[in-house]
Amino acid sequence: MKLRVDKKYMPIVATIAVAVLLYCMIGFIYPKFFSLRVFVNFFRDNAFLGVIAVGMTLVIITGGIDLSVGSMIAFVGVFCAYLMEKTKLNPLLVFVLALSAGSLIGFLMGALIHFFKAPPFIVTLAGMFFCRGVANMISLESIPIYNPTFNAIMRFGIPLRHFIMVPTTVLIFLAVMLVFLYIAHFTRFGRDVYAIGGSPQSALLMGLRIGRTKLLVYTLSGFLSALGGIVYILNVPAGNSLAGVGTELDAIACVVIGGTLLTGGVGYLAGTFVGVLIQAIIKTFLTFSSLSSWWTEIAIGVLIMIFILLQRSFSQLSVLSRAHAQVKLRKPGGAETGGA
Amino acid sequence: MPEADPILSMRRISKSFPGVHALDKVDFALQRGEVRALMGENGAGKSTLIKVMTGVEERDEGRIFLDGREIDPHSPHEAQELGISTVYQEVNLIPTLTVAENIFLGRQPTSMGSLDWKKMNSSAVAALDRLNLELNVKRLLSDYSLAVQQMVAIARAVDVSAKMLILDEPTSSLSVEEVEQLFAVMRMLKAEGLGIVFVTHFLDQVFDISDTITVLRGGQLVGNFVTASTTRVQLIATMMGKELKELERGPARVASPDAPGAESLIEIKGLARKGSIEPFDLRLNKGEVLGLAGLLGAGRTEIANLLFGIDKAEQGNVSIEGEETNISSPRKAIAEGFALCPEDRKSAGIIGDLSIRENIFLALQASKGWFRLISRKTQQEIAERYITMLSISTPDADKKIKELSGGNQQKAIVARWLALHPRFLILDEPTRGIDVGAKMEIQNLILSLSREGISILFISSELSEVVRCSQRVAVLRDHVKIGEMSGDQIDESAIMHYIAEGAR
Amino acid sequence: KTYTIGFAQTGGNEGAWRDAETASVNAAAKDMGINLKFVDGQEKQEVQIAALRSFIAQGVDGILLAPVVATGWDEVLQECKQANIPVVLLDRGIQTSDDSLYVCKITSDFVQEGKRVGEWLSKKMGGKATIAELEGTPGADPAIMRQKGFAEGIASYPGMKIVLSQTGNFNAADGKQVMEAFLKANSRINAVFAQNDDMAMGAIQAIQEAGKRPGKDIVVVSIDGTRPAFEAMAKGTLNAVCECNPLLGKIGFETLIGAINGQTYPKWVIQTDGLYEASQAKAALPTRKY
Amino acid sequence: MKASKFKRFMSQGNVGKLMWSVLALALLLVFNALFTPVIFNMKIMDGHLFGSLIDILNRATPVMLMGIGMTLVIATGGIDISVGSVSAVSGSFTTVLLVVYGLPLAYCIVVGLAVATFLGFWNGFLVARVGVQPIVATLIMLALARGIATLFAGGQTILFSNRAYEFIANGFLFGLPFPITIVAVVFVGTALLTRKTALGLFVESVGCNPVASRYSGINVRSIKWAVYVFTAFCAGMAGLINTSNIKVADVTRSGEGLELDAILAVVIGGTSLDGGKFSLAGTIIGALVMQTLTTTILTRGMPVEFTRVIKALVVVLIILIQSESFRKRMRNLVWRKAHEVAS
Ligand SMILES: Nc1ncnc2c1ncn2[C@@H]1O[C@H](COP(=O)(O)OP(=O)(O)OP(=O)(O)O)[C@@H](O)[C@H]1O
Ligand SMILES: Nc1ncnc2c1ncn2[C@@H]1O[C@H](COP(=O)(O)OP(=O)(O)OP(=O)(O)O)[C@@H](O)[C@H]1O
Ligand SMILES: [Mg+2]
Ligand SMILES: [Mg+2]
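Computed from a predicted structure; not experimentally measured.

Participant: Just checking my understanding: could you explain the overall build of chain B for this structure?
Facilitator: Helix and strand content of chain B: 17 helices and 23 strands. When its C-alpha atoms are laid out on the principal axes, chain B stretches across 70 × 55 × 45 Å. Put simply, chain B has 504 residues, and 61% of those count as buried. Residue pairs at least 24 apart in sequence account for 67% of intrachain contacts in chain B once pairs closer than 6 positions are excluded.

The structure is reproduced here in structure tokens:
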């Protein structure tokens, strides 16, 4: 049977196929892996990562990168916890403030990147130091959150079965995913993001507003990582300045595993979604497997490697990917000298 | 000339780059409903003038008026908003997006606030149809050859309803038929009252389409002419600042093909690759120039890529001096004494951040291996030799190649391959974007190289060029080699006829 | 009955100490015939929380948790409670609004450790010292608590002054680098408080390289009591260490199994930490298990 | 004419950029001269130099070594975020072989370096051969190498006492700490290898336009492969220095996060993350800038909660100094102000 998939969608199809394969293989070893609870937990445990990875996808598609996201979790967590617990502000107001602060930091990083042509890697690395630094300055000690409104939001969820429910965090993640799928594919801004990553020089000459788009992308990434921070404290109700260490690498991994190219221009939010699930599967596998500390890291490395290699060979198996496009040129008279 | 109500006028525009005055107090005006050709040698400042006009480059001084109002565009976006639609030199599109998106990027049709992909795709088909081109608009732009991409860029620019249209060497890769189609559209737009700026190095095209001509030389305005009352010789003389006599046919072709004693260098049997080129045979003698003729997308570039080991052949074999050889990579090809000057200089030719010097001796160095670095002195000598030989206009050899004008970049790339002293030279559109004088230079070079015994595969969309230089011409259509002609058979109309009728 | 018990460890940050704890849990599980599910938390709370949820999904009988931070556990412990799985906290406590969420904590008292070291140092120095402090990872619980405790310990001696304090991130390399800089910034430093042994080891080297004698010219104290620390004390380069016992496996399982069978425990099963001076080191060394 | 020639010279390649990173370093030092003069104290002890400036040089050596390799990787348009973990591997293997198996030191070092280098070989294989994105390939190695290091050491931190091994980081040569000599040799060696042969040109060419490089007959694959191998080798040496320094193979923590420092050093040194032209000297300066900053913070004993923010602000400042458009804006501003004052 010939697999007829457009070359464009091949990476994503391969990703999904390998993800399913991985899921089944692990489920074969640990039957409880297939339970609904575990499946829901994939999302619960990684909702914050998912939200962040969405922003990261956009940034990477423009050809940039955002290393500040992990620290942003810490900053937003401490910021919210401090305001809710120490100054007793209304949680919703606090969320709005946190999201604004996150967006502002994102915007400032975007401004440095766009106006001063500074490399995103370094600017966001500075952002990473900065966010965690501010978190440290607000409070070195972690602050537990007991605010009743906050707790109500945290406990809210759509019950599926006894004691299993889809909580707010997962709903936020799914909503963000859908909204940004729409933005990426059905708005001019979304297409501009792809164009900028594909060829910044050309995008400029084509009359696209590069500056605006870039600023917006980093602002959105700031916003989403702040939202990720809120989702994080809805999962771990405390403000802790050490939270989210290394999350930027997890997020980048989700994005690139999903088929997005770090060089920009090519990427899929749906792929990122699968990438998050893959991470979830691998992490959950680790909690099932009782591996000792050092085997854990080896297992992570080996599993991702197997995944990448399988993904690559799947994409290469696809038939259509090599064939050249055909051009038809009609002669002015109307007769065709058409391509075969 | 009547100075009545210009759409655009530019006064005393100056712009300098480190070491060069790209523009020096240039005046320029464009009337409604006229096609103005902008002419000049490579590096004369044409593209820079256009970039200043559209806000890509900041001018050092001077003023710009559009419809009598002073404007000061700072980005191509602003220029577009003002009604200036531009095709820049080199294809400036997004290879990772589809053809349709490339045509509509930034102005996609929407319905209820969200992009209407269906409508966009069908409009894209319509826009291409105007240029008589039928593509699968849902495919990625990078799936198509450079020439097709150039057409897509034109389709994008033409599709906007603008006040004026700027075309910077849009036809450099196109063959006669596409150019005809483009001109038809230009005439239509002109009738609608658009002003059009048209840059090209093809004199025929200038006399065919333009109403007026502006000539730049060394960044200065030399003069404005009405096309109808100007002759070619005049024009060339103004451009180059000296009389050019070699316009007549150059030295006759060398030894006639299949002359007794002609040694065969390369023998190709049934070489093919699915979706790219059907099995074909080809033979090349030492010191022979073989032209490849065909329309856009006929598969000429494919043949070149196969021979040079960029693409791998799926069947057939190549023998060099009677010995079967497997050429599986450009490195192997170079080791066999091959050289290929690629068609797409932007993505396959220039190494933008490196200097002209480095770009020129790169292939030679690569063939010598990494260990034996060519001495700085020799590097400089090689670079300077070719800078003079091909009259590359640059203050010195250490300028980054990406800062050269398009035509000069092309010359530097040609120089890279000449420096290699190959025994088999494949030239895929080597004269793309090169001015008249240098084109003549390169053609003469081809002939003299062939006299030195170097075999050359010569691909060009300009049939006259192929006819002039080749001893034999292979004709391609739709990825199939349909025939060969040699000696006195070679003539433009015969080839055109061949392509149209086909001999299958 | 064989019990299935999940152990969510923090992850290998604190080196030898943490390894000793893991080893003790593993050994105890073997001895007691317990089916142990081990998860390395990679020093991330979210990973530990995911581990607890996974334990619930796998239907374990009880959970041992060495929480990486003190806060933010209410939600997931609530889930454990719903699933009727008792949780015993190991080596670190948590802050919660509802004490019933866990059986008890079996921990040392970080504040107490810091305080004892502080008091010891004050006595040793006669109430007057120029102190450099090497802090743990900023924001980490042991770092904050030990700092607090140490400050309490020296509070009643106005002559005890901390002149420089920086993070050595709980590791030897950073500890060495920080001490190196401190020694150049202030040549009067005559006492060092390192919040863990690894940093103390680094600091001792820095002191030696600066041409001074650790343990004599500059008094060094730290917390944890790992074997290298005892060796250093035996050599006289480290003056005192407050032990923080990691061998909690056996007592952890016993408590947990008791809880599964309905027994109740005081909320805090305090582990008494011994303070060792250099003079006791030689004698104690052969009996050290970690 | 002369002025414009100078301008050309400055705008060319990395000369200009290098100057800006030197300026950043100078600014830091001036700041210290004014506010932390102890940093400049220097004395001779036991026949070798002793002082904060020497510490800065000495402590920057691991990052410099990794940075030298990283510069080449980045110049080919790649990135290697596994160097920190790979450095732990060489430390782990060397120490375990030495302490647990009691093998001769030279043998241990060779094996340690070889294992690290092999990991680089694997990185290169994934990137150059399989075509995996560099960040993904090395992200895998980031986890894998740390795991291997820990596994081989059985999860233990292993102490050693071996004069020769300790000499690597703690010895002195020519009155200077020995690591400085190591870096000097590697730096000069790499500089010669890249500038006196065509390797540097090929690396830049590959980073700038891999397609055109392939067409020109450069073996793009081998070049890419080689730089990863070389970087891992450099990281291996850095790992030896790190381990030797504290006389412990601290497998779980050694080299943690150094990949970011190395990348930062490369970029501050003026090599673009997009690949192409590179500057090894710049990387050395970049590493010095970051280490000076760290040492300054430590020497001043700044409160822990502020250090990260200070670091962030300084990095931003350096970015701005290096940004041409920022300088242009500032120049325009100053110019306009001057005009206003004049008129
Ligand atoms: N970004 C740049 N930096 C430095 N010099 C530049 C830059 N862009 C153009 N130049 C120089 O300006 C001069 C004019 O270049 P321009 O591209 O306008 O020439 P052109 O007339 O379009 O030539 P061609 O026919 O080859 O396209 C050339 O000498 C070129 O080297
Ligand atoms: N990189 C590519 N990927 C996919 N298809 C390609 C590629 N390059 C060319 N093609 C397709 O191969 C066909 C032959 O194009 P090619 O450019 O080789 O022909 P050509 O005779 O050289 O014509 P041109 O005048 O366009 O250069 C075209 O249909 C083109 O779309
Ligand atoms: Mg031009
Ligand atoms: Mg072609």
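This is not the end of the story, as more comes after the structure.
Participant: What am I meant to see in unusual backbone geometry here?
Facilitator: Both trends apply: most residues other than glycine have a negative phi, and most peptide bonds are in trans. Residues and elements named next belong to chain B. Residue Glu 169 is not a glycine yet carries a positive backbone phi of 45°. Examined against the element boundaries, Glu 169 turns out to sit in the loop between β10 (164-168) and α6 (176-191). By relative accessible area, Glu 169 is classed as buried at 6%. Despite not being glycine, Glu 321 shows a phi value in the positive range, around 45°. Mapped onto the fold, Glu 321 is located in the loop between β17 (315-320) and β18 (323-325). Residue classification places Glu 321 among the partly exposed positions, given a relative accessible area of 42%.

Participant: Would you mind going over the coordination of the magnesium ion (ligand 4) with me for this structure?
Facilitator: Residue and element names in this part refer to chain B. Those donors, Thr 301 (OG1) and Glu 343 (OE), are the protein atoms that reach the magnesium ion (ligand 4), and they lie 1.8 to 2.6 Å from it. Residue Thr 301 is found in helix α9 (residues 300-307), and its partner Glu 343 is found in the loop between β19 (338-341) and α11 (345-349); the two are separated by 42 residues along the sequence. Assigned by exposure class, Thr 301 and Glu 343 land together as buried.

Participant: Just to check I follow, could you spell out the site of ligand 1 for this structure?
Facilitator: All names here are of chain B. Near ligand 1, the surroundings consist of 22 residues, among which Lys 46, Ser 47, Thr 48, Ser 405 and Gly 407 are the closest. Interatomic distance of 3.2 Å between a backbone N/O atom of Ala 44 and an oxygen atom of ligand 1. Gly 407 is positioned such that a nitrogen or oxygen atom in its backbone is 2.7 Å from an oxygen atom of ligand 1. Of all elements in the fold, only β2 (20-31), α1 (46-53) and α14 (406-418) reach the threshold of two or more residues within the shell around ligand 1. A per-class count over the shell around ligand 1 returns five nonpolar, twelve polar and five charged.

Participant: Please explain the site of ligand 2 as it appears in this structure.
Facilitator: Close to ligand 2 lie 18 residues, the nearest being Asp143(B), Arg300(B), Thr301(B), Glu302(B) and Glu343(B). Ligand 2 sits at a junction of chains, with neighbouring residues supplied by chains A and B. Thr301(B) is positioned with one of its side-chain polar atoms (N or O) 2.5 Å from an oxygen atom of ligand 2. Glu343(B) is positioned such that a nitrogen or oxygen atom in its side chain is 2.6 Å from an oxygen atom of ligand 2. When the free accessible area of ligand 2 is taken as 610 Å², the share hidden by the protein chains comes to 87%. In terms of residue count, the dominant contributor to the shell around ligand 2 is α9(B) (three residues). Each residue belonging to the shell around ligand 2 can be placed in one class, and the counts come to seven nonpolar, seven polar and four charged.

Participant: How should I be thinking about the pattern of salt bridges in this particular structure?
Facilitator: Opposite charge on two side chains allows them to pair when their charged atoms are near. This structure, assessed with the given rule, holds 45 salt bridges over all chains. Across the pair Arg155(A) and Glu75(C) runs a salt bridge whose closest N-O atoms are separated by 3.0 Å. On the criterion of chain membership, the pair formed by Arg155(A) in helix α6 (residues 148-155) and Glu75(C) in helix α3 (residues 74-82) is interchain, its members lying in two chains. Exposure remark for Arg155(A): the relative accessible area of 40% places this residue in the partly exposed category. Across the pair Asp91(C) and Arg18(C) runs a salt bridge, and its minimum N-O distance is 2.9 Å. Of this pair, Asp91(C) sits in the loop between β4 (87-90) and β5 (104-107) while Arg18(C) sits in helix α1 (residues 16-32), placing them 73 residues apart in sequence. When sorted by exposure, Asp91(C) lands in the same class as Arg18(C), which is buried. Look at the salt bridges and you will find they share partners, linking Arg44(A), Asp45(A), Arg53(C) and Glu79(C) into a network.

Participant: Explanation requested: the interface of chain C and chain A in the structure shown.
Facilitator: Interface size is often expressed as the accessible area that is lost when the parts come together. Contacts between the two partners involve 34 residues from chain C and, on the opposite side, 37 residues from chain A. Where chain C abuts chain A, roughly 3200 Å² becomes buried across the two surfaces, and 53% of that area is made up of carbon and sulfur atoms. Considering only the surface of chain C that becomes buried against chain A, Glu46(C), Arg53(C) and Glu75(C) emerge as the three largest contributors, covering 20% of it. Note that Arg44(A) and Glu79(C) form a salt bridge whose closest N and O atoms lie 2.7 Å from each other. Between chain C and chain A we count ten residue pairs in polar contact (both at pLDDT 80 or more) in total. Listed by contribution, the elements that provide at least two residues to the side of chain C that touches chain A are β2 (35-40), α2 (45-58), α3 and α5 (141-155) of chain C. Ranked by residues supplied to the side of chain C that touches chain A, first place goes to α2(C) with eleven residues. In terms of residue class, the side of chain C that touches chain A is built from 13 nonpolar, twelve polar and nine charged.

Participant: Which parts of the structure should I look at to understand the environment of Ser289(A)?
Facilitator: Residue and element names in this part refer to chain A. Mapped onto the secondary structure, Ser 289 falls in helix α12 (residues 269-289). On the basis of relative accessible area, Ser 289 is assigned to the buried category, the value being 15%. C-alpha separation for the pair Ser 289 and Tyr 30, spaced 259 residues apart in sequence, amounts to 8.7 Å. Only 3.1 Å separates the side chain of Ser 289 from the backbone oxygen of Leu 286, close enough to count as a polar contact.

Participant: I would appreciate a short explanation of a nonpolar patch on the surface in the present structure.
Facilitator: On the surface, Val30(D), Phe31(D), Leu34(D) and Phe35(D) cluster together to form a nonpolar patch covering roughly 410 Å² of accessible area. Note that Phe31(D) resides in helix α2 (residues 15-35).

Participant: Would you explain the confidence of the model for chain A in this entry?
Facilitator: Predicted coordinates in regions of low pLDDT should not be interpreted in detail. Residue and element names in this part refer to chain A. Across chain A, the average pLDDT comes to 86, with 90% of residues at 70 or higher. Every residue in residues 318-324 is under pLDDT 50, and counting partners more than four places away or in other chains gives ten contacts. Long-range and interchain partners of residues 331-340, a stretch whose pLDDT sits below 50, account for 20 contacts in this model, where long-range means more than four residues apart.

Definitions and limits used
Residues numbered from 1 in each chain as written. Chains lettered and ligands numbered in written order. Predicted model: local features only at pLDDT ≥ 70, side-chain atom pairs only at ≥ 80, totals over all residues. Heavy atoms only, no water. Helix = DSSP H or I, 4+ residues; strand = E, 2+ residues; numbered from the N terminus. Buried < 20%, exposed > 50% of the residue type's maximum accessible area, 1.4 Å probe, protein only. Contact = heavy atoms within 4.5 Å. Donors = N, O, S within 2.8 Å, 3.2 Å for Na, K, Ca; no water. Near = heavy atom within 4 Å. Polar contact = N/O pair within 3.5 Å; in protein donor to acceptor, adjacent residues only side chain to side chain. Nonpolar A, V, L, I, M, F, W, Y, C, P; charged D, E, K, R; others polar. Areas by Shrake-Rupley, 256 points an atom, 1.4 Å probe, with all protein chains shown as cover. Salt bridge = Lys/Arg side-chain N within 4 Å of Asp/Glu carboxyl O. Buried area = accessible area lost by both parts, 1.4 Å probe. Patch = residues over 30% accessible without salt bridge, like charges linked within 9 Å, V, L, I, M, F, W, Y side chains within 5 Å. pLDDT = per-residue confidence, 0-100.

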